[in-house]
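Structural features, examined
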Amino acid sequence: MESQPLHDLTPAYALDALSPEEVEAYEAHLAHCEQCREELAQFQGAAEALAYAAGPEPAPSSDLRERILDAARAERSNVVPLRSRWTAPVAALAAVAACAAIGLLAWNVSLRQQLGDAKSAMRGVPVSGARGSVVVGYSGTGALVLSDLRAAPAGKTYEAWVIADGKATRAGVFAGGSGTIVITLDHAVPAGAIVAVTVEQAGGVEQPTQTPFITSQPV
Ligand SMILES: [Zn+2]
């Protein structure tokens with residue numbers, strides 16, 4: 001029987017918020033807990049998506065990135081022997097490519113720093129009632145990561161809620177399913193709020209009509 005406290009450390013581990021002793025215990029657990037590995041991967045994916053979404057600077061467009069990569073590839077092709085009359089122009093091209101490669105490197109470093117900064121400002125909490133967790137970026141954008149939630153009954157849907165100051169705000173409907181699913185919440189999650197899930201009629205409702213069967217700790 002797996003110990004639930006170790007399962008619950010997934011969000012904190014993904015956000016580098018554990019003590020060295022906890023990291024050691026969690027990684028030992030991770031080595032033989034497939035559910036935690038899958039949940040961790042989904043959680044990290046959600047966390048990175050939220051970090052990029054909330055980043056202060058947009059990443060270079062894919063077009064620019066592709067051009068930088070092309071230039072870097074061109075530089076690598078220069079290792080083939082060259083006839084002397086081509087050396088000067090190729091050297092010039094290589095210099096341009098090297099600058100482009102440095103640009104790409106700088107972009108990667110900047111992206112990693114942004115992600116690091118964003119991660120440290122992120123919060124992650126486990127939920128009760130299902131396997132999973134809630135991750136919230138520093139802009140308040142949140143996602144629910146749930147594992148092996150059986151599909152909603154026929155004619156019904158799962159509906160997520162952000163509950164703050166005793167008020168529930170709808171945050172999206174979703175179907176369950178095997179494996180780990182990530183639901184990006186339609187409503188911001190302020191600090192101290194709870195994320196909950198109810199079963200509602202298909203299409204969802206404006207206010208919960210059922211008692212939540214999944215509730216998070218306050219984020
Ligand atoms: Zn586990």
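This one's a predicted model, so the numbers in the text were calculated from it and none came from an experiment.

Here's the deal with the overall build of the protein
Counting its regular elements, the protein contains six helices and eight strands. Along its sequence from the N terminus, the protein presents helices and strands in the succession α-α-α-α-α-α-β-β-β-β-β-β-β-β. Taking all contacts inside the protein whose residues are at least 6 apart in sequence as the whole, residues at least 24 apart take part in 64%. Carbon and sulfur atoms make up 57% of the accessible area of the protein, which amounts to about 12,000 Å² in all.

A closer look at the nonpolar core
The biggest cluster of nonpolar side chains holds 22 residues, and the ones touching the most others in it are V134, L144, L146, F174, L185 and V189. Of all the secondary-structure elements, those providing two or more residues to this core are strand 1 (123–128), strand 2 (131–136), strand 3 (142–149), strand 4 (156–164), strand 5 (167–174), strand 6 (177–184) and strand 7 (194–201). For L185, the contacting residues outside a window of four places in its chain are G142, A143, L144, A160, A171 and V195. Ranked by size, the runner-up nonpolar core spans 19 residues in total, among them A14, C36, L50 and M122.

Observations regarding the environment of V23
Topologically, V23 is positioned in helix 3 (residues 20–30). Taking the C-alpha atoms as reference points, V23 and Y13, separated by 10 residues in sequence, lie 6.9 Å from one another. When residues no more than four places from it in sequence are discounted, the contact partners of V23 are Y13 and L18.

Side note on unusual backbone geometry
For D148, which is not glycine, the phi torsion reads 50° and is therefore positive. In this structure, D148 sits in strand 3. At D165, a position not held by glycine, the phi torsion is positive, near 50°. With respect to the helices, strands and loops of the structure, D165 is situated in the loop between strand 4 and strand 5. On the basis of relative accessibility, which here comes to 84%, the residue D165 falls in the exposed class.

Structural notes on helix 3
Within helix 3 the residues assigned to the buried category are Y26, H29 and L30. An end-on view of helix 3 places all buried positions within 100° of arc, on one side of the element. In helix 3, those exposed residues whose orientation departs by more than 90 degrees from the buried face are P20, E21 and E24.

The rules behind these values
Residues numbered from 1 in each chain as written. Predicted model: local features only at pLDDT ≥ 70, side-chain atom pairs only at ≥ 80, totals over all residues. Heavy atoms only, no water. Helix = DSSP H or I, 4+ residues; strand = E, 2+ residues; numbered from the N terminus. Contact = heavy atoms within 4.5 Å. Areas by Shrake-Rupley, 256 points an atom, 1.4 Å probe, with all protein chains shown as cover. Core = buried A, V, L, I, M, F, W, Y, C linked by side-chain atoms within 4.5 Å. Buried < 20%, exposed > 50% of the residue type's maximum accessible area, 1.4 Å probe, protein only. Arc of directions from axis to C-beta.

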